[in-house]
Amino acid sequence: MPMQAAVSAPGRSPAGPAARAEGLSKIYGAGETRVVALDSVSVEFARGRFTAIMGPSGSGKSTLMHCMAGLDTVSAGSARIGERELSGLTDRQLTRLRRDSVGFVFQSFHLLPTLTALENITLPLALAGRRPDERWLETVVATVGLSARLRHRPAQLSGGQQQRVAVARALVSRPEIVFADEPTGNLDSRSGSEILGFLRESVRELGHTVVMVTHDPVAAARADRVVFLADGRITDELHAPAPEDVLERMRRFDAGARTG
Amino acid sequence: MLRTALRNVFAHTARLLMTVLAVMLGVAFVSGTLVFGDSVGQALRGASAENLRDVAVSVQAEPRPVSDEAADEGRTTALTGKLVDEIRSVPGVRAVHPGVKGTATLAAEDGRPLNADNSWQNLATNYTPDSPHGERDSRFPLVSGRGPSAAGEMALDRRTAEEAGYHIGDTVRFATDGPALTKKLVGTVETDDPRVTAGGTLALFDTATAQRLFLAPDRFDEVTVASAPGTDEERLTHRVRALLPDDGITVTSGTRLADEQAEQIVKSTAWLTRLLLVFAGIALFVGVFLIANTFTMLIAQRSRETALLRAVGAARRQVVRAVLAEAGILGLIASAAGFALGLGIAAVLRPLLDVGGAGLPDGPLVISPSTVAWSLAVGVGVTVLAAWLPSRKAAKIAPVEALGSVDQAPPRRGMVLRNSVGGLLAVPGVLIMLYVSTLDDGAETNLMIAMCGAVLTMTGLIVLAPLLSRPLITLAGALTTRLFGVSGKLARENALRNPRRTAATASALMIGLTLITGMTVAGNSVRTALEREAVSGLTADYQVSNAGYDGIEPALGRKVAEVPGVADATPVATAPLTARGADTTVTGADPRQLGHVTALHFSAGSLDALGPGKIALSDELARRTGLSTGDTFRGTLGFDDDRRELTVVGVYRQTHAVEDAVATTADVLPHAEGGKFDSLLVKAAPGTDPSTLERDIRTALGNSPLLRVQNKEQLTKAESGEIDTMLNMMYGLLGMAVVIAVLGVVNTLAMSVFERTREVGLLRAIGLDDKGVRRMVRLESVVISLFGAVLGIGTGTFLAWACGSLAGASLSTYETVLPWGRLGLFLLLGLAIGVLAAIWPARRAARLNVLRAVNSQ
């Protein structure tokens, strides 16, 4: 692990999980149209670990991620990043929290077409008015293998390259936790595998914490731990899984859903 | 496809709002103007018909001098009292009003002259009872008191009396040509003579007094004949004509007269309507940019939809037609709303103009079918025309694009063609304007050349605006980035992202500001020149002149000279002069005195050399005629063909005070109009209190309201005052174009924000707070607006500078004077427009739900 030795890892408060939900509920609508997206979910995301959240469509996996990341409000319960409780924060405080403590990777890349790759990567720092730490920036850029394409605009990059820019952007501010929402959903299998490799590496070698929502068992199998969600509840979890194990669990869900 | 078009209009109501507003404002301007023009025309015709209601026959006599020798001894006509009596006894005549016409300018109760600068509007006539034994004149219904019937009495119209503060029994001071007169006010009357309602005054005297003041005893200027019921007007006219000598008397039937007046009135209001329509056209032209932008954006957003339509079998033509139909529907809705708004404008315009003293008669709004048709046609036409180019783009969308990805950045189409066209327009335009700047007069052809050059330059710059946007916006962006960090940088990138859209938005603003700046620079330069010229060469402290152009009696000059505190009062006369084929005027004054009140710089000879038969010329006239000191030429002085020998004894630099030539009073005065002086130039003795002196001079002049005593400041103002009024009017009229341009900025921003919802969502997700988003949108708006403002101010200044040469000959001291304060204000206006236009789009962007925005398509 030479890289970890060379560059300080992000963890600012080593004690406790990077993020935690307790009795987290999210309810949309009321009366007839009431939908319970999350039903009193409690879960911890350990520091320096790569966690995958899996579940069928409508299971609430994306909602859980959005609530944990401060993108959506919580109906009941608590969501914390580090020791910080998210419910009760104002929009500005949430924005600041996302800027300083959270990294995002989206399914459809979400890069600003007017900025170069490098400018896109350093955007969170620019928003915070901070100067990038050159060594850390080089490390991140090297990790995702973009050194040669920093001056390109998104339109001149392939899908895989664009998503690598997005990963680098998520890592550049050394967030406490990185949320990835179906990061391989729009990529061919080779590019997808590459991205998963970078996420894996950022956890193992740079000491980041990554939470990834996916419905791809192969992708989930690259995580340290897989949390299964169905109907807004956590139903199961696996540690250091093999793809077959994940697939097997998913099949069981489907069967359960059909009989139940 | 019509259904698709309709659906599209209603599906995008919010996004089309600005477009609708722009078309609506433009159409409102057009329809408001047309309705206003029709209404005023109708009201004026009504007023004049009302005025002539009782006139069956009108007899007008041409005035002529009493004797052939002296023009100033008074005038007379062929219409005698005896002829009037004969007219009265013609069968079918119910009443006759023999009239005497003149002007009388009043002093208000506090001594200030009423409307002295438009003394032609200050009517004076005789009050003649309808029948020889009656007391009332039905043409002037009494409001209070009675009609004047003795030499010492007069009546006024009610408005004038109120304005002047006179009551029945007061002594009214007035002047008909020079000295002030007084009479007792015995009554007030009502009148709807358009000249009076438009700000003039009306004074009535008994017939004998009026004849003494304005004509000759027992003579009349006109007779109006009222007919008995059942009399044929044409027949009566014929009978009256048969009675009268042909020479110098015209007889017209009342109907003919009313028609002629109506025609006159229509002509006199037509210019106003036309002027307003020009500005409405400018506003609509600005609107074109907004509409074109909207449709371009809509079509880009809908390209997948369009591709799908094409894939399932819609022909190109059908796609184009659908877009045009959508534009047509939009235009129709907006025009209808605009028409309604226009009625409001028309209703408000009349009282608004009346505040400025236009004196337009009241009346109902006249909505003619042609106004409705024009308004709708213009609105629909402009909208469809503006949507035409974008519709071609829609037709070019290939069916396969329906399957393409959403996020494809629009391909950067080459702008080589556009830039070449722009260059081909702008370069000749600028060259023409540079050529115009070397011209030296405002001849018709030069004006046409300048007009062409200006239009070419502006059109060229509009076409080139995308090209210009890059360097200018990069420059502005460098500033915003430095000041506002990443928000500023993103704003710059967003403004640069689609140069065509940015350029179209900025161009709309540029047009208004080019015109505003051009007029301001030209107006300011003209005013500066006029102010400089008004007092150039004048060392006198006061100028006394006659507002009624009747000149100043020689005796008055002597009176003013005797006023304590007056060091010198030099009477100055002018007369026509023809020297070697050049028609000009010569100033006549006492050479020794003239040196005290003017500063003449002689390049040859001197003022002292003037004497009988001697003349000094300005350098300008000397150049034109080729005469120089010592030359003798045969010149014509005055209106008669009296040629005489004149010897040039000096050449001086031309000034406003003494223009082309100067000779002695003795040589010039006999040839001056009416044998009177033009003005008195008064020099105050050192240490005299100006206000006391001014009052004393007025007293010496008999406090005549017609005689003006103006100090240098007032002279300057009198020359340049109109410029400000005109500029303010232009600002008001061009304001509409600017408002539409602002709507354009709002529109572009709102649609950009809509297109970039995902990006805004991302920025919010990774840490830009709502304030930052708002700032980003606001800065983009400011950058675009400033681009338009800088382009407009620059172009306007350039055009005004180039056209400055056209003032050359008529205003020799003209030079371009940049009103820096105003120009700075316009730049600030651009900034303010940017901030203002961003309010709504920025708020929308900042309020976007982060999650929904990130996940939107």
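All figures in this text were calculated on a predicted structure; none of them were measured in a lab.

Caption draft 1: Highlighting the environment of B:Gly460. Residue and element names in this part refer to chain B. For Gly460, the position within the fold is in helix α13 (residues 444–497). Along the backbone, Gly460 and Arg418 are 42 residues apart, and their C-alpha atoms lie at a distance of 10.0 Å. Sequence-distant contacts of Gly460, that is, excluding residues within four places in its chain, are made with Gly422, Leu425 and Ala426.

Caption draft 2: Quick peek at the sheet that holds strand β1 (residues 19–28) of chain A. Residues and elements named next belong to chain A. Taken in spatial order, the 4 strands make up an open sheet running β2-β1-β4-β5, and their pairing is antiparallel. Looking at the sheet topology across the chains shown, the edges are occupied by β2 (35–45) and β5 (84–85). With 2 bridges joining them, strand β4 (residues 76–81) and β5 adopt antiparallel strand pairing. Bridging from a neighbouring strand, Arg80 pairs with Glu85 of β5.

Caption draft 3: Summary view of the nonpolar core. Of all hydrophobic cores here, the largest spans 148 residues; its most connected members are A:Leu24, A:Met68, A:Phe104, A:Ile177 and A:Phe179. The element that contributes the greatest number of residues to this core is helix α8 (residues 254–301) of chain B, accounting for 16 residues. Sequence-distant contacts of A:Phe179, defined by excluding residues within four places in its chain, comprise A:Met65, A:Met68, A:Ala69, A:Ile81, A:Val102, A:Gly103, A:Phe104, A:Val105 and A:Val211. Core analysis: the next-biggest nonpolar cluster, separate from the first, contains 46 residues, A:Phe109, A:Leu111, A:Ala170 and A:Ala219 among them.

Caption draft 4: Seen up close, a positive patch on the surface. Together, B:Arg316, B:Arg392, B:Lys393 and B:Lys396 make up a region of like positive charge exposed at the surface. Among the residues examined, B:Lys393 registers a relative accessible area of 32% and is labelled partly exposed.

Caption draft 5: Spatial organisation of the side chain of B:Ser253. All names here are of chain B. Mapped onto the elements of the fold, Ser253 is located in strand β16 (residues 249–253). Within the structure, Ser253 has its side chain in polar contact with the side chain of Glu234 (distance 3.4 Å). Once you skip the residues sitting within four places of it in the chain, Ser253 turns out to touch Ala56, Val57, Glu233, Glu234 and Thr237.

Caption draft 6: Structural context of the domain arrangement of chain B. Residue and element names in this part refer to chain B. Taken domain by domain, chain B comprises domain 1 (55–253) and domain 2 (551–705). Just the C-alpha atoms count here: the centres of domain 1 and domain 2 sit 38 Å apart. Opposite the 12 residues of domain 1 that make contact, domain 2 presents 5 residues. Summed over both sides, the interface between domain 1 and domain 2 buries roughly 630 Å², with carbon and sulfur atoms accounting for 61% of that surface. Taken together, the links from domain 1 to domain 2 amount to 0 salt bridges. The tally of links from domain 1 across to domain 2 stands at 0 residue pairs in polar contact (both at pLDDT 80 or more).

About the thresholds
Residues numbered from 1 in each chain as written. Chains lettered and ligands numbered in written order. Predicted model: local features only at pLDDT ≥ 70, side-chain atom pairs only at ≥ 80, totals over all residues. Heavy atoms only, no water. Helix = DSSP H or I, 4+ residues; strand = E, 2+ residues; numbered from the N terminus. Contact = heavy atoms within 4.5 Å. Pairing = 2+ DSSP bridges. Core = buried A, V, L, I, M, F, W, Y, C linked by side-chain atoms within 4.5 Å. Buried < 20%, exposed > 50% of the residue type's maximum accessible area, 1.4 Å probe, protein only. Patch = residues over 30% accessible without salt bridge, like charges linked within 9 Å, V, L, I, M, F, W, Y side chains within 5 Å. Areas by Shrake-Rupley, 256 points an atom, 1.4 Å probe, with all protein chains shown as cover. Salt bridge = Lys/Arg side-chain N within 4 Å of Asp/Glu carboxyl O. Lys, Arg positive; Asp, Glu negative; His and termini not counted. Charge placed at Lys NZ, Arg CZ, Asp CG, Glu CD. Polar contact = N/O pair within 3.5 Å; in protein donor to acceptor, adjacent residues only side chain to side chain. Domains from an automatic or database assignment. Buried area = accessible area lost by both parts, 1.4 Å probe.

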